[in-house]
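Residue-level listing of the chains:
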Amino acid sequence: MSTKPVDPHELREAVLAVRPWLAGAADQPPRPAMAAAVRLSLRTLAQIAPGRSVEVRVPPFAAVQCIEGPRHTRGTPPNVVEMDPRTWLELATGILTWPDAMSTGKITASGNRADLAHHLPLLRL
């Protein structure tokens, strides 16, 4: 994944392209539109919470490492967060809160640093 800083306008445009779907007013967007929104928002998370102690996975589109702390170098990291693209984008935009996503089982999180609540939402629509 690119380390180039994310342009906030590019992020906003990518997320606005999937907004009707997130709001329940449209069918799932085309794969490239969803991929752009997920990748740009994950890169934004990595920018605002730099580090390598937590791996955030949103298959099939991307994974990033973020949050300061002990760094892993091999195998499965001790702090992993994984969710589907819709859940990630709902969290990133504030439609869904971290506690609500956790309590409903929309997120798989392991490790004592695997909590992104303090970094979300990334933008509000």
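Reading the values: the criteria
- Residues numbered from 1 in each chain as written.
- Predicted model: local features only at pLDDT ≥ 70, side-chain atom pairs only at ≥ 80, totals over all residues.
- Heavy atoms only, no water.
- Axes fitted to C-alpha atoms, helices over the stretch in contact; angles between N-to-C directions.
- Helix = DSSP H or I, 4+ residues; strand = E, 2+ residues; numbered from the N terminus.
- Parallel < 35°, antiparallel > 145°, perpendicular 65-115°, else oblique.
- Contact = heavy atoms within 4.5 Å.
- Nonpolar A, V, L, I, M, F, W, Y, C, P; charged D, E, K, R; others polar.
- Expected span 1.5 Å × (residues − 1).
- Buried < 20%, exposed > 50% of the residue type's maximum accessible area, 1.4 Å probe, protein only.
- Salt bridge = Lys/Arg side-chain N within 4 Å of Asp/Glu carboxyl O.

Chemist: Kindly report on the packing of helix H1 (residues 8-22) against helix H3 (residues 85-93), identifying the contributing residues and their values.
Modeler: Any two packed helices are characterised by how steeply their axes cross, that is the angle between the axes, and by the distance between the axes. Two elements in contact, H1 and H3, have axes separated by 11 Å at closest approach and are oriented at 110 degrees. By the criterion of interaxial angle, the relationship of H1 to H3 is roughly perpendicular. On H3, the residues touching Val15, Val18, Trp21 and Leu22 of H1 are Arg86, Leu89, Glu90 and Thr93. Grouping the constituent residues of the contact of H1 with H3 by class yields five nonpolar, one polar and two charged.

Chemist: Account for unusual backbone geometry, naming residues and giving values.
Modeler: Cis geometry is found at the peptide bond from Pro59 to Pro60, where omega equals 5 degrees. With respect to the helices, strands and loops of the structure, Pro60 is situated in the loop between strand E1 (54-58) and strand E2 (62-66). That bond from Leu120 to Pro121 is cis: its omega, 0 degrees, falls within 30 degrees of zero. As for its position among the elements, Pro121 is in the segment after strand E4 (107-110).

Chemist: Please give an account of helix H2 (residues 31-48) that cites residues and values.
Modeler: Its 18 residues give H2 an end-to-end C-alpha distance of 26 Å, which sits within 8% of 26 Å, the value for a rise of 1.5 Å per residue. Inspection of H2 places Met34, Ala35, Ala37, Val38, Leu40, Ser41, Leu42, Arg43, Thr44 and Leu45 among the buried residues, and these make up the whole buried set. Its buried side turned inward, H2 meets H1, E1, E2 and H3.

Chemist: Could you give an account of the pattern of salt bridges, with specific residues and numbers?
Modeler: Taken as a whole, this structure holds three salt bridges when the rule is applied. The partner of Glu82 in a salt bridge is Arg57, with the nearest N and O atoms 3.9 Å apart. Of this pair, Glu82 sits in strand E3 (residues 80-83) while Arg57 sits in strand E1; the two residues are 25 residues apart in sequence, bridging distant segments of the chain. We classify Glu82 as partly exposed; its relative accessible area is 31%. Given a relative accessible area of 24%, Arg57 falls into the partly exposed group. Among the salt bridges present, the one from Glu90 reaches Arg86, with a minimum N-O distance of 3.0 Å. Placement of the pair is Glu90 and Arg86 together in helix H3, with a separation of four residues, close to one helical turn. Through salt bridges with shared partners, one network takes in Glu55, Arg57 and Glu82.

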